[in-house]
Amino acid sequence: MTPSGTTSTTAAEPTNRTSGAQPAWEVLLPAAAAPARRRGRALQEALREAVRAGRLASGTRLPSSRALAQDLGVSRGLVTEAYEQLVAEGYLRSDRGSGTWVGGAVRTGRAATPSVPHAPSAPGSGTVADFRPGTPDLSLFPRAAWAAAQRTVLAELPHSALGYPDPRGLPALRSALAAMLSRRRGVVADPDRLVVCSGVAQAATLLGSVLRARGHRDVGVEDPGSPEHGRLFAATGLDTLWLPLDDEGLRPEPLTRSGTRAVVVTPSHQFPSGIAWSAERRGMLLEWARSVDGYVCEDDYDGDFRYDRAPVGALQGLDPERVVYTGSVSKSLAPGLRLGWMVVPESLVEEVVERKRTMDLGHPALDQAALAHLVTSGGYDRQLRRCQRAYRERRDALLAALDEHFPGTTVTGIAAGLHVIACLPARYGPTRRFLGAAASVGVALRALEEYGTARPTDGAVRLVVGYAHLTPTTIAAGMRHVAEALAGR
Ligand SMILES: Cc1ncc(COP(=O)(O)O)c(C=O)c1O
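Residues numbered from 1 in each chain as written. Predicted model: local features only at pLDDT ≥ 70, side-chain atom pairs only at ≥ 80, totals over all residues. Heavy atoms only, no water.

*Asks:* Is there a simple way to explain the overall build of the chain in this structure?
*Replies:* Scanning the chain for helices and strands turns up 15 helices and 16 strands. Of all 489 residues assigned to the chain, the portion counted as buried reaches 57%. Carbon and sulfur atoms provide 52% of the accessible area of the chain, an area that totals close to 20,100 Å². (Helix = DSSP H or I, 4+ residues; strand = E, 2+ residues; numbered from the N terminus. Buried < 20%, exposed > 50% of the residue type's maximum accessible area, 1.4 Å probe, protein only. Areas by Shrake-Rupley, 256 points an atom, 1.4 Å probe, with all protein chains shown as cover.)

*Asks:* I would appreciate a short explanation of the packing of aromatic side chains in the present structure.
*Replies:* Centre distance and the angle of the planes are the two values used to describe a pair of aromatic rings. Scanning all chains against the criterion turns up six aromatic pairs. When the centroid spacing of 5.7 Å and the interplanar angle of 80° are considered together, the rings of F271 and Y451 count as edge-to-face. Pair noted here: F271 is in the loop between β8 (262-265) and α10 (279-291) and Y451 is in the loop between β15 (446-447) and β16 (461-466), with a separation of 180 residues, a long-range link. The pair formed by F271 and Y451 is uniform in burial state, with each residue classed as buried. For the pair F406 and Y428, a centre-to-centre distance of 5.2 Å together with 85° between the ring planes defines the contact as edge-to-face. (Phe/Tyr/Trp six-rings, centres within 6.5 Å; stacked < 30°, edge-to-face > 60°.)

*Asks:* Mind showing me how you'd approach the packing of helix α6 (residues 171-185) against helix α12 (residues 365-376) here?
*Replies:* Helix-helix packing: each pair is described by the crossing angle between the helix axes and the interaxial distance. At their nearest, the axes of α6 and α12 sit 8 Å apart, and the two run at 40° to each other. Looking at the two axes, α6 sits oblique to α12. Classified by chirality, the crossing of α12 by α6 is left-handed. Between α6, through A172, L173, A176, L177 and M180, and α12, the contact on the second element is made entirely by Q368, L371, A372, V375 and T376. Along the lines of polarity and charge, the residues of the contact of α6 with α12 split into eight nonpolar, two polar and no charged. (Axes fitted to C-alpha atoms, helices over the stretch in contact; angles between N-to-C directions. Parallel < 35°, antiparallel > 145°, perpendicular 65-115°, else oblique. Left-handed = near helix turned anticlockwise from the far one by under 90°. Contact = heavy atoms within 4.5 Å. Nonpolar A, V, L, I, M, F, W, Y, C, P; charged D, E, K, R; others polar.)

*Asks:* Sorry, what's going on with the pairing of strand β11 (residues 340-343) here?
*Replies:* Regular strands place their side chains on alternate faces of the sheet. Where burial is concerned, the two faces of β11 agree: the one with G340 and M342 and the one with W341 and V343 are both buried. Here strand β4 (residues 194-197) pairs with β11 via four bridges, running antiparallel. Bridging from a neighbouring strand, C197 pairs with G340 of β11. Bridge count for strand β10 (residues 323-328) against β11 is four bridges, and the pairing is antiparallel. The partner of T326 across the bridge, within β11, is M342. (Pairing = 2+ DSSP bridges.)

*Asks:* What's the story with the nonpolar core in this structure? I'm lost.
*Replies:* Grouped burial of nonpolar side chains is what soluble globular proteins tend to show. Residues F131, L371, Y380, Y391, F406, F434 and L445 are the most contacted members of the largest nonpolar core, which totals 70 residues. Sorting elements by how many residues they give to this core places helix α13 (residues 379-405) first, with nine residues. (Core = buried A, V, L, I, M, F, W, Y, C linked by side-chain atoms within 4.5 Å.)

*Asks:* Would you take a moment to explain empty space enclosed by the protein for this structure?
*Replies:* Empty pockets left among the atoms are what a rolling probe the size of a water molecule brings to light. Throughout the structure, instances matching the rule amount to three cavities of 30 Å³ or more. When its volume is computed, the second largest cavity comes out at roughly 60 Å³. Around the second largest cavity, the lining residues are M180, L181, R185, D300, G303, D304, Y325, G327, S328, W341 and Y380. Elements supplying a minimum of two residues to the lining of the second largest cavity: α6 and β10. Taken together, the residues of the lining of the second largest cavity break down into five nonpolar, three polar and three charged. (1 Å grid on protein atoms, 1.4 Å probe; cavity = no way out; pocket = protein on both sides within 12 Å on 5 of 7 lines; lining within 4 Å. Points joined across faces, edges and corners; volume = space filled by probe spheres on them.)

*Asks:* Can you walk me through the packing of helix α7 (residues 200-213) against helix α11 (residues 346-360) in this structure?
*Replies:* Direction vectors running N to C along α7 and α11 enclose 115°, while the axes themselves pass 9 Å from each other. Once α7 is placed against α11, the crossing between them reads as right-handed. Residues Q202, T205, L206, L207, S209, V210 and A213 of α7 touch α11, and the partners they reach there are L348, E351, V352, R355, K356, M359 and D360. Across the contact of α7 with α11, the residue classes break down as seven nonpolar, three polar and four charged.

*Asks:* Whenever I open this one, the site of the ligand confuses me. Can you help?
*Replies:* As a structural note, the neighbourhood of the ligand is formed by G199, V200, A201, S226, E228, H229, F271, D299, Y301, S328, S330 and R338. In this structure, a nitrogen atom belonging to the ligand sits 2.5 Å away from a side-chain N or O atom of D299. Alone, the ligand offers 400 Å² of accessible surface; in the complex the protein occludes 85% of this. Looking at the shell around the ligand, the elements that each hand over two or more residues are α7 and α8 (227-234). Its residues assigned to classes, the shell around the ligand shows four nonpolar, five polar and three charged. (Near = heavy atom within 4 Å. Polar contact = N/O pair within 3.5 Å; in protein donor to acceptor, adjacent residues only side chain to side chain.)

*Asks:* Please explain helix α15 (residues 472-486) as it appears in this structure.
*Replies:* Residues that lie three or four places apart on an α-helix share one face, since the helix turns once every 3.6 residues. End to end, α15 covers 21 Å across 15 residues, agreeing with the expected 21 Å (1.5 Å per residue, within 8%). All of the buried residues along α15 are I475, A477, G478, M479, V482, A483 and L486. Buried positions along α15 lie against β3 (129-130), α13, α14 (431-440), β14 (443-444) and β16. (Expected span 1.5 Å × (residues − 1).)

*Asks:* Where do I start with the pattern of salt bridges in this structure?
*Replies:* Oppositely charged side chains can pair when the atoms bearing their charge come close. Throughout the structure, instances matching the rule amount to 22 salt bridges. Salt-bridge contacts for R214 lead to E351; the nearest nitrogen and oxygen are separated by 2.8 Å. Highlighted residues: R214 in the loop between α7 and β5 (218-223) and E351 in helix α11, separated in sequence by 137 residues. Here R214 falls in the partly exposed class, since its relative accessible area comes to 36%. One connected set of salt bridges, linked through shared partners, spans D166, R168, R174 and D192. (Salt bridge = Lys/Arg side-chain N within 4 Å of Asp/Glu carboxyl O.)

This is the structure in structure tokens:
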């Protein structure tokens, strides 16, 4: 089964009416899988039909075009065009600033309900608290330190440094990163095998296309796992195979049975479950990689943030010839910088560098030089310490808010990262009702089941709750609003 296109959902997007209507993404998935030249039309037809048949109930707020495009794996332009077309036809209605809604002129198959959009409980976007995971606090970006680094490198770099950069990256940055990764994460990082790229996303794309060229047909992804992994590797022509996890890491038998020779994993703080893989499973994975002459892509996406225990070292340190280590500044500085790295086994390095060269002729030199300056001057470590303090405080605020408003909740994955898994007792469920209540008061949340194939039957509400980008006050207010909405107050 390929998770690309069946992964994250927009169920946590505000909808003021959820009962009876499926979330938009589900009914649109077949259209998104249509051949490229028919996809736009197919999307419009599917949306039209879903509204007509009442599968998207009148009054349902549609996800933003960006979110829907992401979830469906189609271009944002296609979604915008479909929305505009259906607004013009009267199936949808667009309220400036507050989004796109099902309603308007169409008569739906379901008993029509008045299509009054939910009045947002906060000005602007209408979102009181957005607990969806994945974003650091962008206001913590060290603007002054970054500006100083840029000024310094502009003053000091020779003209020659402004030519096409080495596709592996600036030597100064590769050395600085190699030293930092070895010190902080236990990575065996030879600067000659470190490739600077535009984030874990490009690292995955580079690796996927190299593996594809070598004859690999598929790659295993964690179930549950990051929707991005499936999409990125699928875009390189590899099939993606869900491989189930338990609370220690990937389960050995399905991995062996899958027949694949490559996997992408998040062993230090599994996304989204938050577990740290056990030492035994780490060993098992490496043994497996050796036995099939395969590769492990390690996504160390939030390895820098540890709160209550010693950091779990990178898997790569255990076998640098089998593990491709990937990371970026997306959580530590800002995802908008598009700056990351991969440490590549000797056997793959030439091919990866050649792909990087043909893809974009190397990464922008000035940003690389600025990051090298930030790392060597100690500014990067200072930034990590600053974020760590803020994020620990926010995590504690979240734990306190869950405890106060949803007693009986168990929270896991709290030792590290920027999100936790909250498992609320069944009395708060079912999940869909919970998410609907949250959305009705402008609180965006994601269910764990949106990240994988498992559909638990115990009735508990399992949420992936991001907290790093929210202040303690917003966290407390967000959870209080949801509790009040559920209680009907
Ligand atoms: C688990 C995980 N890894 C990697 C990425 C992409 O990271 P980058 O910004 O480094 O490309 C994401 C982004 O959503 C993610 O959730």
